[in-house]
Amino acid sequence: MALRFNMLLADEGINPSDVRLLRHQTGKVPGRTPYSLWRDDQAAFERYQSTQDGSPGQRARFDARYWASFVVTPTGGTLFVGLYEVTRLGLVSKDAIDPLSGGPVGGPNNTTPYDQYECVRVAALSDCAGRLSIHWGDSASASRAWVQRADNQDKVIVELARTFQEEAFPGFTKLIRPLSEIETMPTAWKQVLRSSRGVYLLACPQTREHYVGSAYGEGGFLGRWERYASNSHGGNVELRVRDPSDYLVSVLEVAGSSATVDEIIAMENIWKIKLHSRHIGLNRN
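These numbers were taken from a predicted model, which means no experiment stands behind them.

(A) The nonpolar core, seen in detail. If you look at the biggest cluster of nonpolar residues, it comprises 20 residues, and the most contacted ones within it are Phe-5 and Phe-80. Counting only elements with at least two residues in this core, the list comes to helix H1 (5-11), strand E1 (19-24), strand E3 (66-72), strand E4 (78-91) and strand E6 (132-135). Setting aside residues no more than four positions away along its own chain, Phe-80 makes contact with Phe-5, Ala-68, Ser-69, Phe-70, Leu-125, Cys-128, Ala-129, Gly-130, Arg-131 and Leu-132.

(B) Main features of unusual backbone geometry. For Leu-125, which is not a glycine, the phi torsion comes out positive at approximately 65°. Structurally, Leu-125 is set in the loop between strand E5 (114-121) and E6. Residues other than glycine seldom take positive phi values, yet Arg-208 does so here, at roughly 65°. Given the relative accessible area of 78%, Arg-208 is considered exposed.

(C) Molecular detail of the pattern of salt bridges. In total, this model carries 9 salt bridges according to the counting rule given. The residue Glu-85 makes a salt bridge to Arg-65 at a minimum N-O spacing of 3.0 Å. Of this pair, Glu-85 sits in strand E4 while Arg-65 sits in the loop between strand E2 (51-53) and E3; the two residues are 20 residues apart in sequence, bridging distant segments of the chain. The exposure class assigned to Glu-85 is partly exposed, which follows from its relative accessible area of 30%. Salt bridges here are not isolated pairs; linked through shared partners, they connect Arg-39, Asp-40 and Glu-166.

(D) Geometry of the packing of aromatic side chains. A full pass over the atoms with the stated rule returns 17 aromatic pairs. Seen in terms of ring centroids, Phe-169 and Phe-172 are 5.4 Å apart; in terms of plane orientation they differ by 75°. Their pairing is edge-to-face. Given the relative accessible area of 22%, Phe-169 is considered partly exposed. Note on Phe-172: relative accessible area 23%, which makes it partly exposed. In this structure, Lys-155 packs its charged tip against the face of Trp-136, placed 4.3 Å from the ring centre. Lying across the ring of Trp-271, Lys-274 places its NZ or CZ 4.4 Å from the centre.

Parameters and conventions
- Residues numbered from 1 in each chain as written.
- Predicted model: local features only at pLDDT ≥ 70, side-chain atom pairs only at ≥ 80, totals over all residues.
- Heavy atoms only, no water.
- Core = buried A, V, L, I, M, F, W, Y, C linked by side-chain atoms within 4.5 Å.
- Buried < 20%, exposed > 50% of the residue type's maximum accessible area, 1.4 Å probe, protein only.
- Helix = DSSP H or I, 4+ residues; strand = E, 2+ residues; numbered from the N terminus.
- Contact = heavy atoms within 4.5 Å.
- Salt bridge = Lys/Arg side-chain N within 4 Å of Asp/Glu carboxyl O.
- Phe/Tyr/Trp six-rings, centres within 6.5 Å; stacked < 30°, edge-to-face > 60°.
- Lys NZ or Arg CZ within 6 Å of the ring centre and 35° of its normal.

What follows is the structure in structure tokens.
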């Protein structure tokens, strides 16, 4: 029999009908996610969570004694980060700042009322925070329904790790990330990419065009991609004149530790020929 989240609630004497499941995931802030906010600054994450849509029809979704909070990990998992006892205090103050975006709660032109909650972490299930992952659902509608009633959705537990740990580096052939997420990648991933050189691919999700480049300088792949993330073009002529895009970046080939700059550039040219990136892509040299 599969172990389910409501079993853990019951063991703590908590009725699932008193619990709302909140799965925090948003792509509205390039380079930052609720997961990275929780990982790097738990207090800021809790401030972020404490303001919610208070418009008619939305407030009732959050009306429960407890919130069981989850964040979506870089690989799409649903990680439990704490159980909170909540109390609605009233409307958010006009000068309240969203810790995730760094701007006003709801955005600079927001007209939607937001509620301010007091969220107090409880001892129940605290030892599972950062270790327990559940299966949220496979359908698109399940992903959109980020607030659910625990009594109606008895989630299956898929993992209970010994300690919190970042996802293992997926390997160069499986690594595909938006440039906006480069800064929030796990530290171990950054170390691997910083120490590796070779040929990479940028793919534009808007135009479906691609660009082949090489990383041979200090900082390896990571240093090169950070330049793109900072200015959207990395100094390349063709990318400079285009509208900014959150390119998907991946590794085509990793150079050996003894490879020279000329050898890496030669590898890059071969990939340009293979992928016709000078003719149907974004390369101009």
